[in-house]
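# Notes for the structure review
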Amino acid sequence: AEDKREFPKDFLWGGAVAAHQLEGGYQDGGKGLSIADLFTLGDKDHPRTITKKIEADQYYPNHKAIDFYHRYPEDIKLFAEMGFKCFRTSIAWSRIFPNGDEAEPNEEGLKFYDDLFDECLKYDIQPVVTLSHFEIPLHLVQEYGGWRDRKLIKFFVHFADVCFKRYHNKVKYWMTFNEINNQTDFEAAGHLYTDSGIVPEEGEDNEKLMYQAAHYELVASAQAVKLGHQLDPDLQIGSMIAMCPIYPLTSKPEDILFAQRAMQTRYWFSDVHANGFYPQWLLNFFEKKNFKLDITTADLAQLKEGTVDYIGFSYYMSFTVKYTGHEDYNEAHDLVPNPYVKASEWGWQIDPTGLRYALNWFTDRYHLPLFVVENGLGAVDQLTEDHKVHDDYRIKYMHDHILQMKRAVLDDGVDLMGYTPWGCIDLVSAGTGEMSKRYGFIYVDEDDHGNGSLDRYRKDSFYWFKNVIETNGAEL
Ligand code: BG6
């Protein structure tokens, strides 16, 4: 029989997006260019390319996105109709600091988010805000090489400070760096670019670049957490980790040990966020690799002083590894298909049980509140002639994941703050730049090349999720 239990009261049901994937208006209100503005359209077999400047013959999907910048009141109203308690978005850094290194912020940019947050609060929707979500100001990349440069710490912390001061009465829930651990896969150009604004040069060691950049980001995150708490002790400032649990392919002890090292390698970022210090295995690894990283004693003290209040994480899929004779995990080469789970059209392995596993794993490791700030199925949708979308596949995906979450909370005692499924309104895919990889409860009439009316339509999943929220998860 179906599990009719409810989630704890005050559970934050909502949805999640990121500025660059839906706002558009890429030059409006004094906004500077961000790295997302130079990211072309790709698809699942062709990665997006990064151009040096805006080329006339290329299409850049983030420039217009779904025009949320001009249409947000209509969209927030639809979220309110679904009963959202919270709405996760990011602040486009280059709306506030067009170049990233200015002393004074851009008032027009600040005003935009004031209006957006007010619009949410009008319906009792709590904004949940990511400070850096794959949208570093382009100037910081061109002038400083992105997070290769320690100066980025200062620029980011200034940005965070301005945002906390301006919005702390409107925004209680914050996260510092979106999916800071994607760059574990340092061989993928896209991840080093989106996480750290780094475009490696010929002959550079991507792995070393990644560890140095991540260190600066973690120090910046810790400084921001500390400042935020000093300003307003009520602020809840979390990390944001891309959680893909990594299973051993078999029970062979070598596979188990290798999977453990893979987990350590993918999640040391949250170890530092939550514990405030580096795990010893990683320090040993730096020595073994002869990486001479710029990690100062002052940095180490700051990491301790700025540990996070909660772990925000995305969950889409799980990974599997097999030991092949080398000890260190390399995400670009070591993943194998899991014979027990099916994958989405984009090859993401669908595994609801893995979400319960992840919730327990994080709890055992950090003993902190958790927040599932992304989850969902990217799929092709058909808009019918009468403007409906029968997305039973999406409903099934979400049903199965929410059920596992429910068991983690009610049976296992996991402290879960809320659930904000990804792309609650269709938006530009971060990975491919496509519109056709859709996640939303709300359909947006726009194709991969930006054609369409941009009209919004409620999918079947819209009514389904509305009922889930209304019954606080009793009816899935
Ligand atoms: C996460 C990101 O990687 O997953 C989002 O935080 C992203 O920005 C989402 O959009 C889904 O990935 P994709 O590639 O399907 O857009």
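Residues numbered from 1 in each chain as written. Predicted model: local features only at pLDDT ≥ 70, side-chain atom pairs only at ≥ 80, totals over all residues.

An unreviewed UniProt entry lists the chain under the name 6-phospho-beta-glucosidase, with Ligilactobacillus acidipiscis DSM 15836 as the source organism. Taken from UniProt, the Sequence similarities (unreviewed entry) comment for the chain reads in full: "Belongs to the glycosyl hydrolase 1 family." (UniProt positions renumbered as here; feature names shortened; annotations may be inferred.)

### Notes on the packing of helix H12 (residues 352-366) against helix H13 (residues 392-410)
Close contact between H12 and H13 brings their axes to 8 Å; oriented N to C, the two are set at 30°. As the angle between them shows, H12 and H13 are arranged roughly parallel. The two elements H12 and H13 meet at a crossing, and its hand is right-handed. Within the contact between the two elements, H12 uses Pro352, Thr353, Leu355, Arg356, Leu359 and Asn360 and H13 uses Asp400, His401, Gln404, Met405, Arg407 and Ala408. Broken down by class, the residue content of the contact of H12 with H13 amounts to 5 nonpolar, 4 polar and 3 charged. (Axes fitted to C-alpha atoms, helices over the stretch in contact; angles between N-to-C directions. Helix = DSSP H or I, 4+ residues; strand = E, 2+ residues; numbered from the N terminus. Parallel < 35°, antiparallel > 145°, perpendicular 65-115°, else oblique. Left-handed = near helix turned anticlockwise from the far one by under 90°. Contact = placed C-beta atoms within 7 Å. Nonpolar A, V, L, I, M, F, W, Y, C, P; charged D, E, K, R; others polar.)

### Examining helix H7 (residues 189-196)
Most of H7 sits out of view: 7 of its 8 residues are buried. Looking at H7, one finds that the buried residues are Gly190, His191, Leu192, Tyr193, Thr194, Asp195 and Ser196. Of the surrounding elements, those touching the buried residues of H7 are helix H8 (206-231). Positive phi appears at Gly197, one or two residues downstream of H7, with a value of about 60°. (Buried ≥ 20, exposed ≤ 12 C-beta atoms within 10 Å, placed from the backbone.)

### Remarks on unusual backbone geometry
Positive phi is not limited to glycine here, since His387 has a value of about 65°. One can find His387 in the loop between strand E11 (370-374) and H13. The class for His387 is exposed, based on 12 C-beta atoms found within 10 Å. Even without being glycine, Asn472 reaches a positive phi, approximately 50°. For Asn472, the position within the fold is in the segment after helix H14 (460-470).

### Observations concerning the nonpolar core
By size, the foremost hydrophobic cluster in this structure holds 138 residues, and its most contacted members are Ile91, Phe159, Ile241, Ile311 and Met405. With 12 residues, H8 is the single largest residue contributor to this core. (Core = buried A, V, L, I, M, F, W, Y, C linked by C-beta atoms within 7 Å.)

### A look at the sheet that holds strand E12 (residues 416-419)
Spatial strand order, E1-E2-E3-E4-E5-E7-E11-E12: 8 strands in a closed barrel with parallel pairing. Direction aside, the axes of adjacent strands within the sheet are offset by 30° on average. (Pairing = 2+ DSSP bridges.)

### Digging into the packing of H8 against helix H11 (residues 297-305)
Between H8 and H11, whose axes approach to 8 Å, the crossing angle comes to 50°. Taken together, the axis directions place H8 and H11 in an arrangement best described as oblique. The two elements H8 and H11 cross, and the hand of that crossing is left-handed. Residue-level inspection shows Leu218, Val219, Ala222, Gln223 and Lys226 of H8 in contact with H11, the latter providing Asp299, Gln302, Leu303 and Glu305. When its residues are assigned to classes, the contact of H8 with H11 shows 4 nonpolar, 2 polar and 3 charged.

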